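Tertiary structure, described
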Amino acid sequence: MKRTLYLVGLVFLAACSTKIVSPTQADVDAMKDTDPSITLADLEAGKATYKNYCNMCHGYYAPSNYSAEDLQKIIPNMVGKVNKKSGSMVVNDQMQQQLMQYVLAVRD
Ligand code: HEC
């Protein structure tokens, strides 16, 4: 029993070691200059898309390693890869936009 708990703990730790930054209200406020209609729910949705689809082929890349300009090119390209690999449009335009807002918000 103890051993099982230990193993469960290890698996849990490993899963958490890939850090996906959670958006905060401060991120929303910082993004309001570029998009006044943005909400925390948009950034949460973007985070969910990132989490669900952006480690299908590689680990999670930290948005902070890329400039906003790079991300504006990379994200549409990668969303295209996600949809192609999935065989359907699992990430639609709105989700792509929220994903873009999320990576731009958490990279600062
Ligand atoms: C179908 C496979 C696939 C999926 C799904 C995928 N990627 Fe990638 N990604 C790649 C490959 C292959 C590369 C390296 C070559 C390249 O840049 O095309 C890459 C590279 C990257 C890079 C580094 C680019 C650079 O220029 O350094 C980033 C950042 C990235 N992916 C983010 C994402 C995000 C965000 C998502 C989710 C929307 C995603 N990827 C989904 C295949 C994928």
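Here is a short report on the structure shown in this document. (Residues numbered from 1 in each chain as written. Predicted model: local features only at pLDDT ≥ 70, side-chain atom pairs only at ≥ 80, totals over all residues.)

Details of the overall build of the protein
If you tally the helices and strands in the protein, you get 5 helices and 0 strands. Across the protein, helices and strands are ordered from the amino to the carboxyl terminus as α-α-α-α-α. Burial statistics for the protein: of 108 residues in total, 25% are counted as buried. Taking the intrachain contacts of the protein between residues at least 6 apart in sequence as the baseline, contacts between residues at least 24 apart amount to 71%. (Helix = DSSP H or I, 4+ residues; strand = E, 2+ residues; numbered from the N terminus. Buried ≥ 20, exposed ≤ 12 C-beta atoms within 10 Å, placed from the backbone. Contact = placed C-beta atoms within 7 Å.)

Focus on the site of the ligand
Close contacts around the ligand come from 14 residues, with Cys54, Cys57, Tyr61, Met78 and Lys81 the closest. It is helix 4 (residues 68–86) that contributes the most residues to the shell around the ligand, 7 residues altogether. Residue composition of the shell around the ligand, grouped by class: 11 nonpolar, 1 polar and 2 charged. (Near = placed C-beta within 6 Å. Nonpolar A, V, L, I, M, F, W, Y, C, P; charged D, E, K, R; others polar.)

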